[in-house]
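Structure assessment
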Amino acid sequence: MTKKRVLSGIQPTSDSFHLGNYLGALKQWVELQSGNDAFYCIVDLHALTGDIDPALLRKRTLSSAAQLIALGISPEKSTLFVQSHVAEHNQLGWIMECIAGFGEANRMTQFKDKSAKGGADTARVGLFTYPMLQAADILLYQADQVPVGEDQRQHIELTRDLAIRFNTKFGDTFKIPEGYILKSGSKIYDLQEPTNKMSKSAGSVAGVLEVMDTPEANTKKIKSATTDAGREVTFDEKGKPGISNLLTIHSALSGKSVSELENEFAGKGYGDFKGAVAEVVVEYLRPIRTQALELLQDEAHLIKVLHDGADKARAVASATLAQTYKNLGLVL
């Protein structure tokens, strides 16, 4: 049976992925390597739509690659590469801009949300057009499935619309991808504000468990996590959001069910429970952080891994772009 091709990407916009990123998406990326032809991309060009610090962007791109490998993305099983290493992304991105309508781009909710903060007049043009580059990212690799969160569903629909429009007008060129909406899995919330999703855009980093944080820092964050009235360790999202969140984190990393944990900590206080959660988190992340730091120490090797991945990616991307140019009537 032919393997399905899956493609997904992540922006290098922070020094470290957090536990919500891992449990919500990256853990499933790792699982999807088995039985699929997986392409995973660090989408550094998309990161240019925000404010840019060149040294920080470079550092975060390499850190993202090291963490993905340490989390289980295997360069042998998957094609792992950096978007800017494959020029065909920009080239097909322009084609997608030329067949997309202004109204379509204007309806994208992420542009509306992000531009609303600073005003549309100050928003970058790249922020407006990046869904077309995202469509190119996907269509270049003839992806069958695109693992994304629910918030990206609209972008997948735009990609499908653009592919169908191109195929109808210029001949069969692109596979029409399906969105693979990632299972909601373990929803992880902010440790300080347990009714809000764990996110780097949170007001305080104290509520975010980061893969690259020291064991001491993550232990301190967990022991300082907001808890609820009473002292019973029970799962009740509305009545006990703080303890429920810690139970979810423990369960996701230890493999124990929430009911098992409730029994284990019956009659014990929040202090004992937080200590146990901290130990589980620290021991789970310790080898990942260690491996990522080792990879970052040998930068030349890490960059070679990414260049090798880009070579594999380019072999597919260049064939798609050549067919696209041919069907458009561009002279090759």
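Here the structure is a predicted model, which means the values were calculated and not measured.

Basis of the calculations
Residues numbered from 1 in each chain as written. Predicted model: local features only at pLDDT ≥ 70, side-chain atom pairs only at ≥ 80, totals over all residues. Heavy atoms only, no water. Helix = DSSP H or I, 4+ residues; strand = E, 2+ residues; numbered from the N terminus. Rg over C-alpha atoms; globule rule 2.2 N^0.38 Å. Buried < 20%, exposed > 50% of the residue type's maximum accessible area, 1.4 Å probe, protein only. Contact = heavy atoms within 4.5 Å. Areas by Shrake-Rupley, 256 points an atom, 1.4 Å probe, with all protein chains shown as cover. Lys, Arg positive; Asp, Glu negative; His and termini not counted. Charge placed at Lys NZ, Arg CZ, Asp CG, Glu CD. Phe/Tyr/Trp six-rings, centres within 6.5 Å; stacked < 30°, edge-to-face > 60°. UniProt positions renumbered as here; feature names shortened; annotations may be inferred. Polar contact = N/O pair within 3.5 Å; in protein donor to acceptor, adjacent residues only side chain to side chain. Pairing = 2+ DSSP bridges. Right-handed = clockwise from strand over helix to strand, strands pointing away. Core = buried A, V, L, I, M, F, W, Y, C linked by side-chain atoms within 4.5 Å. Expected span 1.5 Å × (residues − 1).

The next subject is the overall build of the protein chain. In terms of helices and strands, the protein chain carries 12 helices and five strands. Scaling as 2.2 N^0.38, a compact globule of 332 residues should have a C-alpha radius of gyration of about 20 Å, and the protein chain matches this with 22 Å. Overall size of the protein chain, expressed as C-alpha extent along the three principal axes, is 75 × 45 × 40 Å. Evaluated residue by residue, the protein chain yields a buried proportion of 48% over its 332 residues. Within the protein chain, residue pairs in contact and separated by at least 24 positions form 75% of the contacts whose partners lie at least 6 positions apart. Carbon and sulfur atoms form 52% of the exposed surface of the protein chain, whose accessible area is close to 15800 Å². When the 37 basic and 40 acidic side-chain charges of the protein chain are each reduced to a single mean position, those positions are 2 Å apart.

Any aromatic ring pair is given by two values, namely how distant the centres are and how the planes are angled relative to each other. According to the stated counting rule, one finds eight aromatic pairs in the structure shown. Ring geometry for phenylalanine 102 against phenylalanine 128: centres 5.2 Å apart, planes inclined by 45 degrees, an arrangement best described as tilted. In this pair, phenylalanine 102 is assigned in helix α4 (residues 102–106) and phenylalanine 128 in helix α6 (residues 125–139), connecting sequence segments 26 residues apart. The class for phenylalanine 128 is buried, based on a relative accessible area of 15%. Each member of the aromatic cluster is reached from another via a ring pair, and the members are Phe39, Phe81 and Tyr141.

A word on the UniProt feature "binding site: L-tryptophan" (unreviewed entry) in the protein chain. With numbering matched to this structure, UniProt assigns "binding site: L-tryptophan" (unreviewed entry) to Asp137. Here aspartate 137 shows up in helix α6. Setting aside residues no more than four positions away along its own chain, aspartate 137 makes contact with Leu7, Val43, His46, Gln83 and His89. A polar contact is formed between the side chain of aspartate 137 and the side chain of histidine 46, at a distance of 2.8 Å.

Moving on, we come to the pairing of strand β3 (residues 79–82). Across the two faces of β3 the burial is the same, with Thr79 and Phe81 and Leu80 and Val82 all buried. When strand β2 (residues 36–42) meets β3, the two strands line up parallel, connected through four bridges. In the sheet register, isoleucine 42 faces β3, and the bridge partner there is valine 82. In terms of handedness, the path from β2 via helix α2 (residues 54–71) over to β3 forms a crossover that is right-handed.

A few words now on the environment of tyrosine 130. Tracing the backbone shows tyrosine 130 in helix α6. What makes tyrosine 130 buried here is its relative accessible area of 8%. Along the primary structure tyrosine 130 and aspartate 308 are separated by 178 residues, whereas in three dimensions their C-alpha atoms are 26 Å apart.

This part is about the nonpolar core. If you look at the biggest cluster of nonpolar residues, it comprises 53 residues, and the most contacted ones within it are Leu19, Leu68 and Ile249. When contributions to this core are tallied by element, the ones reaching two or more residues are β1 (4–10), α1 (19–32), β2, α2, β3, α9 (241–254), α11 (270–297) and α12 (299–328). The element best represented in this core is α11, accounting for 11 residues. Isoleucine 249 has contacts with Leu19, Ile188, Leu191, Leu209, Val277 and Val281, leaving out every residue within four places of it along the chain. Judged by nonpolar contacts, the second largest core, of 35 residues, contains Leu7, Val148, Leu162 and Leu321.

This brings us to α9. Over its 14 residues, α9 runs 20 Å from end to end, which matches the ideal 20 Å to within 8%, given 1.5 Å per residue. A large share of α9 lies buried, amounting to 12 of its 14 residues. Of the positions making up α9, those classed as buried are Pro241, Gly242, Ile243, Ser244, Asn245, Leu246, Leu247, Thr248, Ile249, His250, Ser251 and Leu253. Its buried side turned inward, α9 meets α1, α8 (215–223), α10 (258–264) and α11. Positioned one or two residues after α9, glycine 255 has a phi angle of 85 degrees, which is positive.

Going residue by residue along strand β4 (residues 145–148), you find Gln145 and Pro147 tucked away on one face and Val146 and Val148 tucked away on the opposite face as well. Crossover β4 to strand β5 (residues 178–181) through helix α7 (residues 153–170) is right-handed.

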